[in-house]
Amino acid sequence: MLSIPSTIQDLLETGRFSIRYLIRFELDSGPAGVWNDTFALAYGGITYTPLAGNMEITEIPATSQLDSDRVSVTVGYLSNDVVTIVATEAWHQRPCTLFLAFMDDAGNAQHVMARFAGFLDDVTISDADGDKCILTLTIESNNRELNRSNGRTRSDADQRRTLSTDGFFKHAANAAADSAIYWGRKGPQYPTSAK
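Analysis parameters
Residues numbered from 1 in each chain as written. Predicted model: local features only at pLDDT ≥ 70, side-chain atom pairs only at ≥ 80, totals over all residues. Heavy atoms only, no water. Phe/Tyr/Trp six-rings, centres within 6.5 Å; stacked < 30°, edge-to-face > 60°. Buried < 20%, exposed > 50% of the residue type's maximum accessible area, 1.4 Å probe, protein only. Pairing = 2+ DSSP bridges. Helix = DSSP H or I, 4+ residues; strand = E, 2+ residues; numbered from the N terminus. Contact = heavy atoms within 4.5 Å. Salt bridge = Lys/Arg side-chain N within 4 Å of Asp/Glu carboxyl O. Axes fitted to C-alpha atoms, helices over the stretch in contact; angles between N-to-C directions. Core = buried A, V, L, I, M, F, W, Y, C linked by side-chain atoms within 4.5 Å.

A.B. asks: Looking at this structure, I do not really get the packing of aromatic side chains. What am I missing?
C.D. replies: Aromatic ring pairs are reported here in terms of the distance separating the ring centres and the angle at which the planes meet. Tallying each qualifying case throughout the model produces two aromatic pairs. Centre to centre, the rings of W35 and F39 are 5.2 Å apart; their planes meet at 80 degrees, and the pair counts as edge-to-face. Among the residues examined, W35 registers a relative accessible area of 0% and is labelled buried. Note on F168 and F169: the rings are 4.9 Å apart at their centroids and 90 degrees apart in plane angle, and the pair reads as edge-to-face. Given the relative accessible area of 63%, F168 is considered exposed.

A.B. asks: Mind showing me how you'd approach the pairing of strand β4 (residues 46-50) here?
C.D. replies: Where a strand is regular, its side chains alternate between the two sheet faces. Relative to β4, strand β2 (residues 30-35) runs parallel, the two being bridged by three bridges. Bridge pairing links V34 to T49 in β4.

A.B. asks: How should the environment of K170 be read in this particular structure?
C.D. replies: Tracing the backbone through its elements, the reader meets K170 in the loop between α3 (156-162) and α4 (172-175). Residues K170 and A157 lie 13 residues apart in sequence; the distance between their C-alpha atoms is 8.3 Å. Sequence-distant contacts of K170, defined by excluding residues within four places in its chain, comprise D156 and R160.

A.B. asks: Honestly, the pattern of salt bridges in this entry has me stumped. Any pointers?
C.D. replies: Should the charged atoms of two oppositely charged side chains come close, the side chains can pair. A complete count under the given rule lists seven salt bridges for this structure. D37 is the partner of R20 in a salt bridge, and the nearest nitrogen-oxygen pair spans 3.0 Å. Within this pair, whereas R20 is found in strand β1 (residues 18-27), its partner D37 is found in the loop between β2 and β3 (41-43), the two being separated by 17 residues in sequence. For R20, a relative accessible area of 22% puts it in the partly exposed group. Between R161 and D158 there is a salt bridge, with the nearest N and O atoms lying 3.4 Å from each other. Of the two residues, R161 and D158 both sit in helix α3, three residues apart, roughly one turn of that helix. Where salt bridges share partners, they join R70, D121 and E140 into one cluster.

A.B. asks: Is there a simple way to explain the pairing of strand β6 (residues 70-76) in this structure?
C.D. replies: Relative to β6, strand β5 (residues 55-57) runs antiparallel, the two sharing three bridges. Each bridged residue has a counterpart across the sheet, and for E56 the counterpart in β6 is T74. Where β6 and strand β9 (residues 134-141) come together, seven bridges link them in antiparallel fashion. Note on β9: the bridge partner recorded for T74 is T136.

A.B. asks: What am I meant to see in the sheet that holds strand β7 (residues 94-103) here?
C.D. replies: The strands making up a sheet associate through backbone hydrogen bonding, with each pair oriented either parallel or antiparallel. The sheet built from nine strands is open, its strands ordered β3-β4-β2-β1-β7-β8-β9-β6-β5 with mixed pairing. Both outer strands of the open sheet, β3 and β5, are each paired with one neighbouring strand and no more. Here the average twist between neighbouring strands, direction ignored, is 30 degrees. Relative to β2, β1 is paired through six bridges, and the arrangement is antiparallel. Counterpart to L22 in the pairing with β2 is W35.

A.B. asks: Looking at this structure, how should I read the nonpolar core?
C.D. replies: General note: in soluble globular proteins, nonpolar side chains tend to be found buried as a group. Counting residues in each nonpolar core, the largest one holds 20 residues, and the members touching the most others are I23, F25, M55, V73, L120 and L137. At the level of elements, β1, β2, β6, β7, β8 (109-126) and β9 are the ones that each hand at least two residues to this core. With residues near it in sequence (within four places) discarded, M55 still touches Y21, I23, V34, W35, N36, V73, T74 and V75.

On their own, these measurements won't tell you what the molecule is for.
As structure tokens, then:
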């Protein structure tokens, strides 16, 4: 469920708003962005390049599992700014965030919220003869990181490699050994009552 401030809720109820998508890329040369409107938008310290009518976004998945979801962004009629980013930057596996912006009648961004975050996984350009040039960006969700192992183990030796004085796991090896666990008054330490 989207959490929207009351001022934006009022704007939505009057019907005097529009919704735009902003995509922010974290590149070696600094952050860059594109959005689907007709003018350059300065927001969050960067200027978003306009791609009015040329940017389509697939449905943004919502899941309660740890699925590694993807969002595809299709850009038609490529602008020089987009081609320059693809041709000159190291874009593969760079952090990428898709924002949803609520705009007022004057074209000002009243509220911007992140809708999908991940990594720019794939960029394909289709340039068929006699057809428009299309760029397809595939953004893979941050969830892909949740199932990856890092090589660490739950052992005293591994913990002491990180911090030599940390003995948190010093009894971990003994905890896995079979041991008798007594409940109530049946334990060997409980004295037997005289009858």
